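Each chain, letter by letter, is given below.
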Amino acid sequence: MSEALLASEAGTGVTAPAPTSGARQFWRRLRTQRAALVAAAVVALLVLVALAAPLLTAIEGQDPSTYHPDLIDSGRGGVPIGSFGGISAEHWLGVEPQTGRDLFARLVYGARVSLGVALAATLVQVLLGVSIGIAAGLGNRWVDQVLSRATDVIVAMPLMVLSLALMAIVPSGFPRPVLVALVIGLVAWGSTAKIVRAQTITLKELDYVAAARLSGWSTWRIARRELLPGLAAPVITYAALLVPLNITVEAALSFLGVGVKPPTASWGQMLTSADIWYQAAPQYLLLPAGALFVTVLALTVLGDGVRTALDPRAASRLRIGTGKKGEGKA
């Protein structure tokens, strides 16, 4: 609210309402969505498990890479000995077929890789997409055309095919989780750039941005001081929806054998060798698949809740809907 408007309201004797902070409005809207709060709790628990993986495995007394040949039946092709895949007090979720490695340890360490790769890839996508989108939206016609056509090419390229091609030419000594995150981020920033460009073109037509340009502000200062605050809501919303997508991409690349390599544990890599054990040791397939399903579902629901909470029209739609309902009852 401008100072002139506050002064006019003071002169008329009307008390101006205290402006509510954006964070407080966001939290108030998010609290009304129980599904989003439950999803946020699930995501927080998954992140906590991933961060505490060394502590959890130390409590169990296992690690993700030690082989236990005495816990598998070599006569049956490597099926774990015992019921439910070898679950015991020493191995809380059983052991891996053929190797006897502890499934709980590999599952919690796999959470670190899957979540870490997805978050890092999302960060790369957002940084590239925001930078190129703002440059296209604020640039002249020639700059806009060049960047827009390059973005269209990136968007049109098949993500999986391009990722497979890039990962095939990188030396094997390069850290695989870092490589997967970089590849996903570098080939999937196009959609973010298109969203940011469209929003930038809309914002730069507003009066306060035009006034900043007439005042002689540089393009960088306008982008930093005037455009980035207006871009925060759509970028955060889209980033929240990118994380579950990147988790599935990492799992798919690992499943195809070009992602995270053994002995590093990841959910996708676990699924790669679990497809032939769904009958003899079904928990080896169900555990990583279930973890992926729960994580992607929770992040998707949370992303949708963040989108609704950041939407400045959500409160007005709620009031209109409540008003109509009240009128109908009356």
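Use the structure listed above.
Remember, it's a predicted structure, so these values are computed and weren't measured experimentally.

A. Local environment of the overall build of the protein chain. Within the protein chain one finds 14 helices and 2 strands. Classification of the 330 residues of the protein chain by burial places 39% in the buried group. Partitioning the contacts of the protein chain with sequence separation of at least 6, the portion at a separation of at least 24 is 72%.

B. Expanded view of the nonpolar core. Residues I247, W267, M270, Y284 and L292 are the most contacted members of the largest nonpolar core, which totals 27 residues. For this core, the elements supplying multiple residues, two or more each, are α3 (34-51), α5 (103-138), α11 (219-255), α12 (267-272) and α13 (282-310). No other element matches the 8 residues that α13 contributes to this core. In contact with Y284, other than residues within four places in its own chain, are E96, P97, L103, M270, S273, A274 and W277.

C. Spotlight on helix α4 (residues 53-60). Those residues of α4 that sit buried are A53, T57 and E60. Summarising the axial view, the buried residues of α4 lie within an arc of 55°, below the 170-degree limit, and thus occupy one face. Facing away from the buried side of α4, by more than 90 degrees, are the exposed residues L55, A58 and I59. Those residues of α4 hidden inside the fold are in contact with α3 and α5. Where α4 terminates, the next one or two residues include G61, which has phi positive at roughly 85°.

D. Representation of unusual backbone geometry within the structure. You will see that Q98, though not glycine, has its phi angle at about 70°, which is positive. Following the sequence through the fold, Q98 ends up in the loop between β2 (79-80) and α5.

E. Inspection of the side chain of H68 at higher detail. Looking at the secondary structure, you find H68 in the loop between α4 and β1 (72-73). For H68, a relative accessible area of 15% corresponds to the buried category. Here Q62 takes part through its side chain, which lies 3.4 Å from a polar atom of the side chain of H68.

F. Examining the packing of helix α10 (residues 207-214) against α11 more closely. The N-to-C vectors of α10 and α11 enclose an angle of 160°; their axes lie 10 Å apart at closest approach. When the axis of α10 is compared with that of α11, the two are roughly antiparallel. Along this stretch, α10 crosses α11, giving a crossing that reads as right-handed. Residue-level inspection shows Y208, V209, A212 and R213 of α10 in contact with α11, the latter providing I222, E226 and L227. Classifying every residue of the contact of α10 with α11 gives 5 nonpolar, no polar and 2 charged.

G. Structural view of the pattern of salt bridges. According to the stated counting rule, one finds 5 salt bridges in the structure shown. Of the charged contacts, one joins D144 and R197 as a salt bridge, the two residues approaching to 2.7 Å between their closest N and O atoms. Of the two residues, D144 is situated in helix α6 (residues 141-156) and R197 in helix α9 (residues 190-203); the sequence distance between them amounts to 53 residues. Since its relative accessible area comes to 27%, R197 is described here as partly exposed.

H. Structural view of a nonpolar patch on the surface. Together, F174, V178, L182 and L186 give the surface a local cluster of nonpolar side chains, amounting to about 320 Å² of exposed area. Its place among the elements puts L186 in helix α8 (residues 176-187).

I. Representation of the packing of aromatic side chains in the model. In the structure shown here, the tally under the stated rule is 1 aromatic pair. Here W92 and F104 contribute two aromatic rings whose centre-to-centre distance is 5.0 Å and whose plane-to-plane angle is 55°, an arrangement assigned as tilted. Placement of the pair is W92 in the loop between β2 and α5 and F104 in helix α5, with a sequence separation of 12 residues. Here the guanidinium or amino end of R221 rests over the ring plane of W217, the centre of that ring lying 4.0 Å away.

What counts, and at which threshold
Residues numbered from 1 in each chain as written. Predicted model: local features only at pLDDT ≥ 70, side-chain atom pairs only at ≥ 80, totals over all residues. Heavy atoms only, no water. Helix = DSSP H or I, 4+ residues; strand = E, 2+ residues; numbered from the N terminus. Buried < 20%, exposed > 50% of the residue type's maximum accessible area, 1.4 Å probe, protein only. Contact = heavy atoms within 4.5 Å. Core = buried A, V, L, I, M, F, W, Y, C linked by side-chain atoms within 4.5 Å. Arc of directions from axis to C-beta. Polar contact = N/O pair within 3.5 Å; in protein donor to acceptor, adjacent residues only side chain to side chain. Axes fitted to C-alpha atoms, helices over the stretch in contact; angles between N-to-C directions. Parallel < 35°, antiparallel > 145°, perpendicular 65-115°, else oblique. Left-handed = near helix turned anticlockwise from the far one by under 90°. Nonpolar A, V, L, I, M, F, W, Y, C, P; charged D, E, K, R; others polar. Salt bridge = Lys/Arg side-chain N within 4 Å of Asp/Glu carboxyl O. Patch = residues over 30% accessible without salt bridge, like charges linked within 9 Å, V, L, I, M, F, W, Y side chains within 5 Å. Areas by Shrake-Rupley, 256 points an atom, 1.4 Å probe, with all protein chains shown as cover. Phe/Tyr/Trp six-rings, centres within 6.5 Å; stacked < 30°, edge-to-face > 60°. Lys NZ or Arg CZ within 6 Å of the ring centre and 35° of its normal.

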